[in-house]
Amino acid sequence: MSDTSKIQNMNKQLKVYINESSFISMKCRNRLLKMFEEEFSIDLDIGNYKNVDLSIQDDYKVLYREDLYTSNDKISSIEDLEERFQRFQERADQLIKRKDVDFQGRRNFNNFTNLMVIVCLLLLLIGLIVLVIYSLIVGNYFDCLWFLVFIAPVLFPKIKENLRERILQAKQYIKSLLKKVK
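The text that follows walks through the structure, step by step, so that each part is easy to find.

About the thresholds
Residues numbered from 1 in each chain as written. Predicted model: local features only at pLDDT ≥ 70, side-chain atom pairs only at ≥ 80, totals over all residues. Heavy atoms only, no water. Helix = DSSP H or I, 4+ residues; strand = E, 2+ residues; numbered from the N terminus. Rg over C-alpha atoms; globule rule 2.2 N^0.38 Å. Phe/Tyr/Trp six-rings, centres within 6.5 Å; stacked < 30°, edge-to-face > 60°. Buried < 20%, exposed > 50% of the residue type's maximum accessible area, 1.4 Å probe, protein only. Contact = heavy atoms within 4.5 Å. Expected span 1.5 Å × (residues − 1). Patch = residues over 30% accessible without salt bridge, like charges linked within 9 Å, V, L, I, M, F, W, Y side chains within 5 Å. Areas by Shrake-Rupley, 256 points an atom, 1.4 Å probe, with all protein chains shown as cover. Salt bridge = Lys/Arg side-chain N within 4 Å of Asp/Glu carboxyl O. Lys, Arg positive; Asp, Glu negative; His and termini not counted. Charge placed at Lys NZ, Arg CZ, Asp CG, Glu CD.

A short note on the overall build of the protein chain
When its secondary structure is counted, the protein chain shows 5 helices and 3 strands. What you see in the protein chain, going N to C, is helices and strands ordered as α-α-β-β-β-α-α-α. Computed over the C-alpha atoms, the radius of gyration of the protein chain is 30 Å, more than 25% above the 16 Å expected from 2.2 N^0.38 for a compact globule of 182 residues. Along the three orthogonal principal directions, the C-alpha set of the protein chain runs to about 95 × 40 × 20 Å.

Examining the packing of aromatic side chains
Two descriptors summarise a pair of aromatic rings, namely the distance from one centre to the other and the angle between the planes of the rings. Per the stated rule, a full pass over the model turns up 5 aromatic pairs. Ring geometry for Tyr17 against Phe88: centres 5.9 Å apart, planes inclined by 85°, an arrangement best described as edge-to-face. Of this pair, Tyr17 sits in helix α1 (residues 3–24) while Phe88 sits in helix α3 (residues 78–99), and the two are 71 residues apart along the sequence. Side by side, Tyr17 and Phe88 carry an identical accessibility label, which is buried. With 5.3 Å between their ring centres and 90° between their planes, Phe36 and Phe88 make a pair best called edge-to-face. In this pair, Phe36 is assigned in helix α2 (residues 26–40) and Phe88 in helix α3, connecting sequence segments 52 residues apart. Judged on exposure class, the residue Phe36 and its partner Phe88 are both buried.

Some remarks on the side chain of Arg84
Relative to the helices and strands, Arg84 is located in helix α3. Classification of Arg84 as buried rests on a relative accessible area of 6%. Not counting the four nearest positions on each side in its chain, Arg84 is found in contact with Glu39, Phe40, Ser41, Ser71, Asp73, Lys74 and Ile75.

Some thoughts on α2
Between its terminal C-alpha atoms α2 stretches 21 Å, which fits the 21 Å expected from 15 residues at 1.5 Å a residue. Here α2 has its buried residues at Cys28, Arg29, Asn30, Leu32, Leu33, Met35, Phe36, Glu37, Glu39 and Phe40.

Quick word on the environment of Tyr173
Within the fold, Tyr173 resides in helix α5 (residues 141–181). Taking C-alpha positions, Tyr173 is 6.6 Å from Asn111, a pair spaced 62 residues apart along the chain. Every residue in contact with Tyr173, bar those within four places of it in the chain, is listed here: Asn108, Asn111 and Leu115.

Considering a negative patch on the surface
Together, Asp43, Asp45, Asp53, Glu66 and Asp67 make up a negatively charged patch on the protein surface. Mapped onto the fold, Glu66 is located in the loop between β2 (62–64) and β3 (67–69).

And the structure:
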């Protein structure tokens, strides 16, 4: 494999690493660029830029956002470049693997939390209904009237809408669980 094709391969891998880290977060991408800085002994202008272009040139200089950077420790050969890039790859793989987003686990946690909120809202509604019925039975009409005039109009429209949305989400979650069990 020629030196040019090795450098092109490195540049492709650099783009992949930058895209993956950018997908995770800007902080992760900036950390990845810091790792690149450390391995190649250069001082990049790392900022919260929307787009970052990073590539290694044929003369072993680094092109970053249309600026050329030279390593403080001169890169003398392709072997030296490959060695530095290999160290960078190992560190970048560890960073991306550690920061990898687990969408399935997060979704399951959110669905479980949703079920718990539904149970709490239903218990709250049942408790309020029992309180109103109890105040009617005891003959404490002022508490019942106060609840119906002041509390119910404020509380029930929000609870009704929120509970309806959460119940729909819970139905979908339970259906997906039942499909997995079958």
